[in-house]
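Okay, here's what each chain looks like letter by letter:
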Amino acid sequence: MRITFVSNYINHHQLPLCMALMEENEVDFTFLQTEPMTEERKNMGWDESLSKLSFVKLYYEDTEGSKALIMDSDVVIFGGAEDESLIIPRLEKGKFTIRYSERIYKEGRYKFVSPRGLIRKYKDHTRFRKSPVYLLCAGAYTAGDFKLVGAYKNKALEFGYFPKVIEYSDLNELREDNECVNLLWVSRYIDWKHPYMPVNLAKRLKKEGKSFHLTMVGRGEMLKEVEEYAKASDLLSVITFIESKSPDEVRTLMRKADIFLLTSDMKEGWGAVINEAMNSGCAVVCSHETGAAPSLIKHNINGKMFISKDEESLYRQVLSLLDDKALRYELGSKAYKTMTTSWNAKEASKRLISFIKDDNHEIKKYDDMGPLSPAKNLSFAKVKKGIRN
């Protein structure tokens, strides 16, 4: 069975799933990279050398051969590329195809009323609603977005991104010796990541005399102004700013962290750092609008969500963990189990191959509601109602 995964470029978040598919019996797997990696991603530590792996084919070096591969494959997983014309001929031929998509209305679902946008969505998606084309939802709100345009009814599956999952014999080994509660934020310094939120949280916690330290890792256009704000607020004794770390170094920081913060809003289609932090045993506190949050986090069971952009909500969720080590470890342990038992590349690959091989392509209801389960039609309001201290 020939499976081709088409996307803009391979990265460390996609690699584990690709490797797992490579290891599946009777699978001839190719990753078709449609463009060179951007300088921005390289500066973030993404590994350009991955494009030289044996199963990676570069579309821009063999355009005709790549188009033939797309048409001849038993199944194509189309995971995001600017040129929709690569996949449309296959869909028009009625060939079994799987879309792999984040939200299409990251700036708000009101956008779907745009006539021009509806025409484009019809051309690329809705007109194929009776064809053998399915949707892997890289985000808990993705299915709801596509429902607005009448696409993928009863054909949308839970999915996401699957960074490397590491098994640890002693999950809390590196954080046991923390002198205070370690908070960690890893992101880009741009407006919709809301980098002022963790700083304002630190400001309030310091004023209240709490014992903690916040580490913020990342680069971006707002870095200098956030640093200056922290300095002016006399917070440099409780905040450490680190501009750049490799993915492995970030994992080490996560293993030392007690609480991991993700403050992005609805523009965060998934947020793979949540996977990594949960795998590291952190107690995760995550904005409810991020795509990964409702998929990965069961509120107050294996992590916590706060109301997006609401500093009081973030404060309450963090405060409930700050003086309760047992609760932090309980949430972290259950988060780790979530990653090692269901939300990992090996399990996702196994379920995906089972779905592909099923002649009826039946969507199974897995007990853990993990990858390849039926995707829910979620709204921000519905998730928000479930957030309690």
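As the structure is a prediction and not an experimental result, all values here were calculated from the model.

1. Re helix 1 (residues 15-22)
Here helix 1 has its buried residues at Pro16, Leu17, Cys18, Ala20 and Leu21. Residues of helix 1 that are buried make contact with strand 1 (2-7), strand 2 (28-33) and helix 14 (345-357).

2. Regarding the side chain of Ser295
Counting through the fold element by element, Ser295 comes out in helix 11 (residues 293-296). The class for Ser295 is buried, based on a relative accessible area of 10%. Apart from residues no more than four positions distant in its own chain, Ser295 is found in contact with Gly139, Ala140, Glu158, Trp270 and Trp343.

3. Remarks on helix 9 (residues 247-256)
Within the sequence span of helix 9, burial applies to Val250, Arg251, Met254 and Arg255. Along helix 9, the residues classed as buried sweep out an arc of 145° about the axis, all on the same side. Where helix 9 is buried, its residues contact strand 8 (181-186), strand 11 (259-262) and helix 10 (272-279).

4. A short note on the pairing of strand 9 (residues 212-217)
The element strand 9 is largely enclosed, with a buried count of six among its six residues. Burial along strand 9 is two-sided: the face carrying Phe212, Leu214 and Met216 and the face carrying His213, Thr215 and Val217 are both buried. With six bridges joining them, strand 8 and strand 9 adopt parallel strand pairing. Each bridged residue has a counterpart across the sheet, and for Asn182 the counterpart in strand 9 is His213. At this point the chain moves from strand 8, through helix 7 (residues 196-207), to the parallel strand 9, and the crossover so formed is right-handed. In this structure, strand 9 lies alongside strand 10 (residues 239-242), joined through four bridges in parallel fashion.

5. With respect to the environment of Glu102
Positionally, Glu102 belongs in the loop between strand 5 (97-101) and helix 5 (115-124). On a C-alpha basis, the gap between Glu102 and Arg351 in space is 20 Å, while along the polypeptide they are 249 residues apart. The contact partners of Glu102, leaving out residues within four places of it in the chain, are Ala138, Thr142, Phe146, Tyr161, Gly269 and Trp270. A distance of 2.9 Å separates the side chain of Glu102 from the side chain of Tyr161, its partner in a polar contact.

6. Here we look at the sheet that holds strand 3 (residues 56-58)
The sheet built from seven strands is open, its strands ordered 3-2-1-4-5-6-7 with parallel pairing. At either end of the open sheet lies a strand with only one pairing partner, and these are strand 3 and strand 7 (156-158). Between one strand axis and the next, the sheet turns by 25° as a mean value, whatever way the strands run. Alignment of strand 2 against strand 3, held across three bridges, turns out to be parallel. Each residue of the ladder has a partner; that of Gln33, found in strand 3, is Leu58.

7. A closer look at the packing of aromatic side chains
Applying the stated criterion to the full structure yields 17 aromatic pairs. Judged by centre distance (5.3 Å) and plane angle (80°), the rings of Phe146 and Tyr152 are edge-to-face. Taking the relative accessible area as the measure of exposure, Phe146 reaches 0% and is therefore buried. When its relative accessible area of 7% is taken as the criterion, Tyr152 is described as buried. With centroids separated by 4.9 Å and ring planes inclined at 70°, the aromatic side chains of Phe159 and Phe162 adopt a geometry described as edge-to-face. Just as Phe159 is buried, Phe162 falls in that class too. An aromatic cluster is built from Phe5, Phe31, Tyr100, Phe159, Tyr161, Phe162, Trp270 and Trp343, whose rings are joined through pairwise contacts. For Arg255, the ring lying beneath its charged end belongs to Tyr168, and the centroid distance is 3.9 Å. When the ring centre of Tyr366 is taken as origin, the NZ or CZ atom of Arg351, which lies over that ring, is 4.0 Å away.

8. Thoughts on the packing of helix 10 against helix 13 (residues 325-341)
For the pair helix 10 and helix 13, the least separation of the axes is 7 Å and the interaxial angle reads 115°. As the angle between them shows, helix 10 and helix 13 are arranged roughly perpendicular. Contact with helix 10, carried on its side by Asn275, Met278 and Asn279, involves Gly332, Ala335, Tyr336, Thr338, Met339 and Thr340 of helix 13 and no other residues of that element. Class assignment for the residues of the contact of helix 10 with helix 13 results in four nonpolar, five polar and no charged.

9. Considering unusual backbone geometry
The phi torsion at His194 lies on the positive side, around 55°, for a residue other than glycine. Tracing the backbone through its elements, the reader meets His194 in the loop between strand 8 and helix 7. Of note, Lys309 is a non-glycine position whose phi angle comes to about 70°, a positive value. Checked against the element boundaries, Lys309 lands in the loop between strand 13 (304-306) and helix 12 (311-322).

10. Thoughts on the sheet that holds strand 9
Sheet architecture is open: six strands sit in the order 10-9-8-11-12-13, paired in parallel fashion. Each having just a single partner strand, strand 10 and strand 13 make up the two edges of the open sheet. Each strand of the sheet is rotated relative to its neighbour by a mean of 20°, with strand direction disregarded. As judged from the three bridges shared by strand 8 and strand 11, these two strands associate in the parallel manner. Opposite Leu183, over in strand 11, you have Ile259 as the bridge partner. This element, helix 7, spans strand 8, strand 9, strand 10, strand 11 and strand 13 of the sheet and lies at about 165° to strand 9.

So, how was this worked out
Residues numbered from 1 in each chain as written. Predicted model: local features only at pLDDT ≥ 70, side-chain atom pairs only at ≥ 80, totals over all residues. Heavy atoms only, no water. Buried < 20%, exposed > 50% of the residue type's maximum accessible area, 1.4 Å probe, protein only. Helix = DSSP H or I, 4+ residues; strand = E, 2+ residues; numbered from the N terminus. Contact = heavy atoms within 4.5 Å. Arc of directions from axis to C-beta. Pairing = 2+ DSSP bridges. Right-handed = clockwise from strand over helix to strand, strands pointing away. Polar contact = N/O pair within 3.5 Å; in protein donor to acceptor, adjacent residues only side chain to side chain. Axes fitted to C-alpha atoms, helices over the stretch in contact; angles between N-to-C directions. Phe/Tyr/Trp six-rings, centres within 6.5 Å; stacked < 30°, edge-to-face > 60°. Lys NZ or Arg CZ within 6 Å of the ring centre and 35° of its normal. Parallel < 35°, antiparallel > 145°, perpendicular 65-115°, else oblique. Nonpolar A, V, L, I, M, F, W, Y, C, P; charged D, E, K, R; others polar.

Purely geometric stuff here, so don't read any function into it on its own.
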